[in-house]
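The residues making up each chain are set out below.
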Amino acid sequence: MEKYLPILRNNPFFKGLSDNEILSILRCVNATVISKERDSYIFRAGDSTEVMGLVVSGCVLVIQEDLWGHRNILAKCHAGDFFENHMQQARGLS
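It is worth spelling out helix α2 (residues 19-28) at this point. Among the residues making up α2, those that are buried are I22, L23 and L26. One side of α2 carries all its buried residues, which in axial view fall inside an arc of 95 degrees. With respect to the buried face of α2, the exposed residues turned more than 90 degrees away are N20, R27 and C28. Against α1 (5-9) lie the buried residues of α2.

In this section: the side chain of N11. By the element assignment, N11 lies in the loop between α1 and α2. The contacts of N11, once residues within four sequence positions are left out, are L54, G80 and F82.

One broad trend across soluble globular proteins is that nonpolar side chains are buried collectively. Counting seven residues, the largest nonpolar core consists of Y4, L5, L8, F14, I22, L23 and L26. Of all the secondary structure elements, the ones that give two or more residues to this core are α1 and α2. Sort the elements by how many residues they give to this core and α2 lands first, with three residues. In terms of nonpolar packing, the next biggest core, distinct from the first, is built from six residues, V55, V60, A75 and F83 among them.

Conventions adopted
- Residues numbered from 1 in each chain as written.
- Predicted model: local features only at pLDDT ≥ 70, side-chain atom pairs only at ≥ 80, totals over all residues.
- Heavy atoms only, no water.
- Buried < 20%, exposed > 50% of the residue type's maximum accessible area, 1.4 Å probe, protein only.
- Helix = DSSP H or I, 4+ residues; strand = E, 2+ residues; numbered from the N terminus.
- Arc of directions from axis to C-beta.
- Contact = heavy atoms within 4.5 Å.
- Core = buried A, V, L, I, M, F, W, Y, C linked by side-chain atoms within 4.5 Å.

Listed below in structure tokens is the structure:
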């Protein structure tokens, strides 16, 4: 996780915290790094999850897809952005 500290330091959630405090929080929440191939899904609509995603490299598209395969891009998240909030908005939970 240490290699992601420059990105995490700039996230408003971790702003003002020391590196040790950030790493301590990550350990407490059992933070893990997941790598995905381009054009693969992290979550699908209707998936139940208790996790929150933070993009550390690349970008994540939050999309809504209809029965005919048409896609609407609801949000584009870059390194340093959380994407759970956008998923909740897509589900109409916010």
